[in-house]
Amino acid sequence: MKAMVLERPGEQLRLMELPMPEPAAGQILVKVRACAVCRTDLHVVDGELTEPKLPIVPGHEIIGEVVRTGRGVDRFREGERVGIPWLGYTCGRCRYCASGAENLCDAARFTGYQIDGGYAEYAVADARYCFPIHGDYADHEAAPLLCAGLIGYRSLRMAGDAERLGIYGFGAAAHIVAQVARHQGRKVYAFTRAGDDAAQAFARELGAVWAGASEESPPEELDGAIIFAPVGSLIPAALRAVRKGGVVVAGGIHMSDIPSFPYRILWGERVVRSVANLTRRDAEEFLALAPKVPVRTETELFPLAEANEALDRLRTGRLRGAAVLIPG
Ligand SMILES: [Zn+2]
Ligand SMILES: [Zn+2]
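On a predicted model such as this, the values are computed, not experimentally measured, just so you know. (Residues numbered from 1 in each chain as written. Chains lettered and ligands numbered in written order. Predicted model: local features only at pLDDT ≥ 70, side-chain atom pairs only at ≥ 80, totals over all residues. Heavy atoms only, no water.)

Q: Teacher, can you tell me more about the coordination of the zinc ion (ligand 1) here?
A: Four donors placed tetrahedrally around a metal ideally meet at 109.5 degrees, and six donors placed octahedrally ideally meet at 90 or 180 degrees. Looking at the zinc ion (ligand 1), the protein donor atoms are Cys 91 (SG), Cys 94 (SG), Cys 97 (SG) and Cys 105 (SG), and they sit 2.3 to 2.4 Å from it. For the zinc ion (ligand 1), the 4 donor atoms in the first shell make angles of 104 to 116 degrees at the metal, so the coordination geometry reads as tetrahedral. We note that the donor set of the zinc ion (ligand 1) lies within a single chain, spaced as C-x2-C-x2-C-x7-C. Placement of Cys 91 in the loop between strand 6 (87–89) and helix 2 (95–98) and of Cys 105 in the loop between helix 2 and strand 7 (109–110) is noted, with a sequence separation of 14 residues between them. The class for Cys 91 is buried, based on a relative accessible area of 13%. Of the residues examined, Cys 105 reaches a relative accessible area of 7% and is grouped as buried. (Donors = N, O, S within 2.8 Å, 3.2 Å for Na, K, Ca; no water. Tetrahedral: all angles 85-135°; square planar, octahedral: opposite > 155°, others 65-115°. Helix = DSSP H or I, 4+ residues; strand = E, 2+ residues; numbered from the N terminus. Buried < 20%, exposed > 50% of the residue type's maximum accessible area, 1.4 Å probe, protein only.)

Q: Help me understand the sheet that holds strand 10 (residues 164–168) in this model?
A: In sheet architecture, strand pairing relies on hydrogen bonds along the backbone and comes in two forms, parallel and antiparallel. Spatial strand order, 12-11-10-13-14-15: 6 strands in an open sheet with parallel pairing. The open sheet has two edge strands, strand 12 (210–213) and strand 15 (271–274), and neither has a second partner. Neighbour-to-neighbour, the strand axes of the sheet open up by a mean angle of 20 degrees, direction not taken into account. In terms of strand pairing, strand 14 (residues 242–250) meets strand 15 through 4 bridges, oriented parallel. Residue pairing for strand 15: Val 248 is matched across the bridge by Val 272. (Pairing = 2+ DSSP bridges. Axes fitted to C-alpha atoms, helices over the stretch in contact; angles between N-to-C directions.)

Q: I'm lost on the environment of Ala 107 in this one. Help?
A: Tracing the backbone through its elements, the reader meets Ala 107 in the loop between helix 2 and strand 7. Spatially, the C-alpha atoms of Ala 107 and Cys 38 are 22 Å apart, while their sequence positions differ by 69 residues. Residues within four places of Ala 107 in sequence aside, it is in contact with Tyr 89 and Cys 91. (Contact = heavy atoms within 4.5 Å.)

Below you can see the structure in the form of structure tokens.
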């Protein structure tokens, strides 16, 4: 099968011919129909996430069709459409797994990081961490739901009941979260790089009541904020924009260093927190909710062999919505 492979961080992915993977007991073999490109893939490729299996096939927003099931799999049948997300394995025994926080599992393994992912024609996955994909979504429309959607949804939940919600960085995750937030009756304030008129217009199209540059003060005090852009200086910026008791959620896996800031902008019981990974419960809840909103995803399609181009467009902010790779 064809796959785009990272051999060493900091290098380009290479198109390679790999042997077809075999589903072991408990696994499914999936023919990849679409795989969305996540900012986390960039952090893996650029070496900011330091524990990849190498070589690795990136990609953890996979929509595909089950072509074979390993021994003991009764969750899926051949021909069924499934989604494969970032969380690929947990131990089931550590204190985090035992307390409903499998996203923090000490021995967790992740798709496209420690487990070969979806930048390929086929992938194998532990069936317990895969999900049926219902609804009238085309494959490429469903793919961004698997991480931008799931982790965006977890971030939104962590922002509590904030009615006036700031979103910093208006890419794939934000464009999904904005729709869910609006559906829940919240008001979205979108923050982008200064001068990114296209992203600000995109946010307004998706119902943001205000869109401006990250350095700007919003017209009203916010009740909470989510930061998707990997930029540490947005933490103090968001703290300055939220009211007393408000939560600032960092939704990404990597961020540049956070500059020091005066205690008074945290004072007043403001909270800064991160969101790490996802639980299977997040996935079940969000995948059931998405068709009801209904969440619509904006995608730009790339052939599998152009994964480097898709990553570069994400790196430089030249995408509307999510990039999605289409094999074959
Ligand atoms: Zn565990
Ligand atoms: Zn992701």
